[in-house]
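The residues making up each chain are set out below.
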Amino acid sequence: MRKAHSLEKSQHIFGYLMIIPALLFFVIFVVYPSLDAVGLSLCFWHGYGERVFVGLQNYINLFHDPVFWLAFKNNIIFVIATTILQTLIPMVLAVMLVKNSFLNTFFRVSYFVPNVISFIITGSLWAMIFEPNFGLLNTILQNLGLETWKQLWLADPKWAFPCIIFVSLWQSMGFYLVIFYAGLQGIPEEVYEAASVDGADSLRKFLFITVPLLRPVTTVVIIINVIGGFKVFDLIWAMTTGGPNHATEVMATYLYTLAFGSIGTGTPHMGYAAAIGIMILIFSVLASVVQLWVREADTLEY
Amino acid sequence: MLRKIGGIGVVLILSGLLLMATASAQEAVTITMWTWFDDFQAAFPKIVDRWNAEHPEIRVEQQIFSLDEYLQKLQAAVAGESEPDILAPHVMVRSLGEGGVTIDFNEWLDEEFLNSFAPSTIRQFTWDGHLYSLPWTAQTFGIFYNKDIFEEMGLNIPETWDELIEISHTIREIDGSIQPLPFGNRDKWLGCDFFLPLITQVTDDPTLLIELDRRTDSEREVSWNSEPVIEALELVKKLVEGEVFAPGINGIANEQALTIFYMGKGAMFYSGSWLPVTIDREAPQGFNWDVFETPAYAPGKRHWTGNESGANLAVSARSKHIEEALEFLRFMYSPEVYSPAMVEARGMPATMEALQGLEDPTIKKMASWLEDGAPHILYGEGSWDAVANAVQGLMGGQLTPEEAAAQIENDVQRVRGR
């Protein structure tokens, strides 16, 4: 008995020893920088020399900074638009492509392909397509005789953000489609058969079986979208660098400009930028908590 | 037995220590240098190899990064107090100098050496009598143009901006598929490079922009929200409305605009003296081009042009080998090293001797505009971003000149008030 107990204990110790490298990595590269960012957000620091502790001054300044609020508003628009589009469209597509056939597999792979390209490359490619004079999109519209549909796209504050949202959808649709596809595999076939026996058509099956039973997956997709929406950076940076004149500025692009500067920024504001970083973290966590809370209050079992 | 082993151990440790001491006494000092000067990709390794061969006691290691990643890398290194001995601080020159990160060359270098540079290039990096960087290149801006298009359409070199608007109309009338002057302001910086020298064009006073940027050492009351700035912004608006630029200026990257120019779909291109080497490298064979002086604000006025270069070299104040770094810099700037490097990279030199010995006709022509050099780089807190965003708003038609001027002033005040 004693021997078994000691074996168990030594196994436990061995287990803990095995996770030490991962734990160390996590503490050094995640916990410490995160805590340091909180400390930094309470300081005034140019990235060199002494950090000057200023308490909550950076946060107070943030609340009086119109560019921050504009960026925040843009983030909210981006979060709402991408969460709705990047949840509904992949879900419908996943249902349409759920049956295993050569064509469906081809489409699933096709939708997923853009996801393997980095956001920076995607952004740069689409910026070329949207170029107002010789870009592919306006050229196609012109050749189709749809000249009145031609726009300045990224140069027009009205169109720049919808363009970015569209590219985000194009890029990430395949990823969410795969998640929904995996979720659909977990819905028992018997439920659909029973519904068929009861005379339900495809739309009813989708609305009253698929959608409710996919709810756990949908929650995950929504949370990923919300967090991704709050911290979106690379796509916007590659396509517009937050312009024209802040029209597509989001919190992360504003943070980057303050901390690292677009070309031409000579004086970094690290503390202020860290405060924006903390705000992004708070908004993302809050949105996720609300979502999980709603989800928990409404769990379905079958 | 144990004592014997212990004795051998002591002897071994002592021998090891002795060897290490000898080795470190002979070890060469290593100087590191980081730049983003990609036009010198070929020249720098040669300079360094020559130095290392001639100076085994001071070894130099240099790295050239792309500008896209350079400033962030430098900033991270500075934050970690691990910056190289010699660095190219670009627009961070003032903040790093005043923050004590880089040395004041006036304290370390003799007057004779400093007098070898063109005075305006030294003035660019001097604040309150402290010289925080040495200019690596000089620079002027001009309008590059497609000679074939100009000849075919019978266009003359414009003397003023109004004439530029006129020839733009002519170009559009003759061939609507050709843009008079493709301009990419998606990344914001070219709008600043274009607009800021115009303030000097309007006022004939190159010190005004410097004072607008610095504020603290200005004796007169200056504000971005003032008549000369609005007048310069009016000129930009006039050029936009005169359809000089391609539509959607804020949706075009500089590289895209340059491609339009190379394709023969753009007649002119606004850029700096770094462009000839880029055209050599990238333009299709037979591309027939030249460059003319930035037009003047009005007939008979001076052709002020942005003359400051972002290519400059500083030495870390935290370096343990400042003297050695300076020795290497003296070597780099010695005429037999500096001039050939400039010729090879087709750069515009910053030293008087190399400027006088220029043979490249394009660079020589552009260097002759240095006497009409106007400042165009802002180093003060928040100024560059404020101007960049407002100029985008103006060029995109979202802001009037008055609104743009007010926005710049408000943004600068807000950033400096934090």
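Structure: above.
These numbers were taken from a predicted model, which means no experiment stands behind them. (Residues numbered from 1 in each chain as written. Chains lettered and ligands numbered in written order. Predicted model: local features only at pLDDT ≥ 70, side-chain atom pairs only at ≥ 80, totals over all residues.)

> Which parts of the structure should I look at to understand the overall build of chain A?
Looking only at helices and strands, one finds 13 helices and 2 strands in chain A. Taking 302 residues into account, the globule formula puts the C-alpha radius of gyration at 19 Å, and chain A, at 24 Å, lies well above it. Principal-axis analysis of the C-alpha atoms places the extent of chain A at approximately 85 × 70 × 35 Å. Each of the 302 residues in chain A was classed as buried or not, and the buried ones make up 36%. (Helix = DSSP H or I, 4+ residues; strand = E, 2+ residues; numbered from the N terminus. Rg over C-alpha atoms; globule rule 2.2 N^0.38 Å. Buried ≥ 20, exposed ≤ 12 C-beta atoms within 10 Å, placed from the backbone.)

> What should I look at first to understand the overall build of chain B in this one?
Scanning chain B from N- to C-terminus turns up 20 helices and 12 strands. Considering chain B as a whole, with its 418 residues, one finds that 48% of them fall into the buried category.

> Looking at this structure, I do not really get the nonpolar core. What am I missing?
If you look at soluble globular proteins, the nonpolar side chains tend to sit buried side by side. Membership of the largest hydrophobic core comes to 178 residues, with the highest contact counts inside it found for Met251 and Ile276 of chain A together with Val387 and Val391 of chain B. The greatest single-element share of this core, amounting to 10 residues, is contributed by helix α7 (residues 157-185) of chain A. With residues up to four places along the chain from it excluded, the contact list for Val391 of chain B reads Gly191, Cys192, Phe195, Val236 and Ala404 of chain B. (Core = buried A, V, L, I, M, F, W, Y, C linked by C-beta atoms within 7 Å. Contact = placed C-beta atoms within 7 Å.)

> For this particular structure, what's the right way to read the packing of helix α3 (residues 66-96) of chain A against helix α10 (residues 215-230) of chain A?
All names here are of chain A. Packing of α3 against α10 brings their axes to within 8 Å, and their N-to-C directions diverge by 150°. Taken together, the axes of α3 and α10 lie roughly antiparallel to each other. Taken as a pair, α3 and α10 cross one another with a handedness that is right-handed. Between α3 and α10, the residues in contact are Asn75, Phe78, Val79, Thr82, Thr83, Gln86 and Thr87 and Thr218, Val221, Ile222, Asn225, Val226, Gly229 and Phe230, respectively. Residues belonging to the contact of α3 with α10 are distributed by class as follows: 6 nonpolar, 8 polar and no charged. (Axes fitted to C-alpha atoms, helices over the stretch in contact; angles between N-to-C directions. Parallel < 35°, antiparallel > 145°, perpendicular 65-115°, else oblique. Left-handed = near helix turned anticlockwise from the far one by under 90°. Nonpolar A, V, L, I, M, F, W, Y, C, P; charged D, E, K, R; others polar.)

> Would you take a moment to explain the environment of Asp38 of chain B for this structure?
All names here are of chain B. Position of Asp38 among the secondary structure elements: in the loop between β1 (29-35) and α2 (43-54). For Asp38, a count of 16 C-beta atoms within 10 Å corresponds to the partly exposed category. Distance in space between the C-alpha atoms of Asp38 and Glu344 is 12 Å, their sequence separation being 306 residues. In this view, Asp38 contacts Ile64 and Ser66; residues no more than four positions away in its chain are not counted.

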